Amino acid sequence: AQTVTQSQPEMSVQEAETVTLSCTYDTSESDYYLFWYKQPPSRQMILVIRQEAYKQQNATENRFSVNFQKAAKSFSLKISDSQLGDAAMYFCAYMEYGNKLVFGAGTILRVKS
Amino acid sequence: EAGVAQSPRYKIIEKRQSVAFWCNPISGHATLYWYQQILGQGPKLLIQFQNNGVVDDSQLPKDRFSAERLKGVDSTLKIQPAKLEDSAVYLCASSLFRSTGELFFGEGSRLTVL
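The rules we used
- Residues numbered from 1 in each chain as written.
- Chains lettered and ligands numbered in written order.
- Predicted model: local features only at pLDDT ≥ 70, side-chain atom pairs only at ≥ 80, totals over all residues.
- Heavy atoms only, no water.
- Core = buried A, V, L, I, M, F, W, Y, C linked by side-chain atoms within 4.5 Å.
- Buried < 20%, exposed > 50% of the residue type's maximum accessible area, 1.4 Å probe, protein only.
- Helix = DSSP H or I, 4+ residues; strand = E, 2+ residues; numbered from the N terminus.
- Contact = heavy atoms within 4.5 Å.
- Phe/Tyr/Trp six-rings, centres within 6.5 Å; stacked < 30°, edge-to-face > 60°.
- Pairing = 2+ DSSP bridges.
- Buried area = accessible area lost by both parts, 1.4 Å probe.
- Salt bridge = Lys/Arg side-chain N within 4 Å of Asp/Glu carboxyl O.
- Polar contact = N/O pair within 3.5 Å; in protein donor to acceptor, adjacent residues only side chain to side chain.
- Nonpolar A, V, L, I, M, F, W, Y, C, P; charged D, E, K, R; others polar.

K.L.:
What is the right way to look at the nonpolar core in this model?
P.N.:
Generally speaking, soluble globular proteins have nonpolar side chains that are buried together. The biggest cluster of nonpolar side chains holds 26 residues, and the ones touching the most others in it are Tyr-25, Trp-36, Phe-75, Leu-77 and Tyr-90 of chain A. Elements with a minimum of two residues in this core: strand S3 (19–21), strand S5 (33–39), strand S6 (46–52), strand S8 (64–69), strand S9 (74–79), strand S10 (88–95) and strand S12 (107–112) of chain A. It is S10 of chain A that contributes the most residues to this core, four residues altogether. With residues up to four places along the chain from it excluded, the contact list for Tyr-90 of chain A reads Gln-6, Leu-21, Trp-36, Tyr-37, Lys-38, Val-48, Phe-64, Leu-77, Ile-79, Gly-106, Thr-107 and Leu-109 of chain A. In this structure, Phe-49, Phe-65, Ala-88 and Tyr-90 of chain B belong to the second largest nonpolar core, which totals 21 residues.

This is the structure:
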């Protein structure tokens, strides 16, 4: 079964600084999708960014970017110019085409002003 | 556009009692998911519907959990009888296309079993 590992239970970053959240996954497939979802306190989870495994170029969404290393099965999220509103639980997730989404255990991100 | 609606937001019950959660997905979304999120863990898929048919219920504890999706729109998740370990947030999500992984989540229903 596919597994997603987030080795950092909690991270802190100073406002306006950059932080990187780590994620590794285990799969024998070559085609799949990877995601980062954000879950603010008491609010619904939202999609931050998505990466298709067949694309070599790393996905970017405004201040959010990923470092996708397919051979290493690594998928980290970089948040630039951190803002107070970025404080949340971040989940890394994996999905094979048309299959179910498998989530990691999450990383709590705290942003200090 | 209205988001995914869930109710109730909070529920406290005694063990061995029953509880039901309701979900109304985003209009037009064919795929609906129920996830269980235990404190400190990532969400775990319980059941996935495509329209009103079940696509995946491999991790649904069928001796106590049941779910249905009436007419391919609203869905209800029921637990009967509840156990202490069922204390969790139950998240409903929907997606337009099953293949993309872009899920839209509701705010969740927090269940406490005493």
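K.L.:
Explanation requested: unusual backbone geometry in the structure shown.
P.N.:
Most peptide bonds are trans, and most residues other than glycine sit at a negative phi. Residues and elements named next belong to chain B. Between Ser-7 and Pro-8 the backbone carries a cis peptide bond, its omega angle lying at -10 degrees. Locating Pro-8 in the fold gives a position in the loop between strand S1 (5–7) and strand S2 (10–13). Following Gln-80, the chain continues into Pro-81 via a peptide bond in cis, with omega recorded as -5 degrees. Among the structural elements, Pro-81 can be located in the loop between strand S8 (75–79) and strand S9 (88–95).

K.L.:
Even after reading the chapter, I still don't get the packing of aromatic side chains, so can you show me in this structure?
P.N.:
The geometry of two aromatic rings is summed up by the distance between their centres and the angle between their planes. For the coordinates displayed, the defined rule picks out 16 aromatic pairs over all chains. A centroid spacing of 6.3 Å and a plane angle of 80 degrees characterise the contact between Phe-68 of chain A and Phe-75 of chain A, whose relative ring orientation is edge-to-face. Their ring planes at 50 degrees and their centres at 6.0 Å tell us that Tyr-35 of chain B and Phe-105 of chain B sit as a pair that is tilted. Taken together, the positions of Tyr-35 of chain B in strand S4 (residues 31–37) and Phe-105 of chain B in strand S10 (residues 104–105) put the pair 70 residues apart, joining distant regions of the chain. Put simply, the rings of Tyr-33, Phe-35, Tyr-37, Phe-91 and Phe-103 of chain A together with Tyr-33, Tyr-35 and Phe-105 of chain B touch in pairs and so form one group of aromatic residues.

K.L.:
I'm lost on the pairing of strand S6 (residues 53–56) of chain B in this one. Help?
P.N.:
The side chains of a regular strand alternate, first on one face of the sheet and then on the other. Residues and elements named next belong to chain B. Summarising the sheet, strand S5 (residues 44–50) and S6 pair through three bridges and their orientation is antiparallel. Paired with Gln-50 across the bridge in S6 is Gly-53. Between the antiparallel neighbours S5 and S6 lie two residues, among them Asn-51 with a positive phi of about 55 degrees.

K.L.:
Where do I start with the interface of chain B and chain A in this structure?
P.N.:
One frequent convention defines the size of an interface as the accessible area lost when the parts assemble. Each partner contributes to the interface: chain B provides 22 residues, whereas chain A provides 18 residues. Here chain B packs against chain A, burying approximately 1600 Å² in sum over the two surfaces, 51% of which is carbon and sulfur. Summed over the shared surface of chain B and chain A, the result is zero salt bridges. Seen at the junction of chain B and chain A, the total is three residue pairs in polar contact (both at pLDDT 80 or more). Taken together, the elements giving at least two residues each to the side of chain B that touches chain A come down to S4 and S5 of chain B. Considering only residue class, the side of chain B that touches chain A consists of six nonpolar, eleven polar and five charged.

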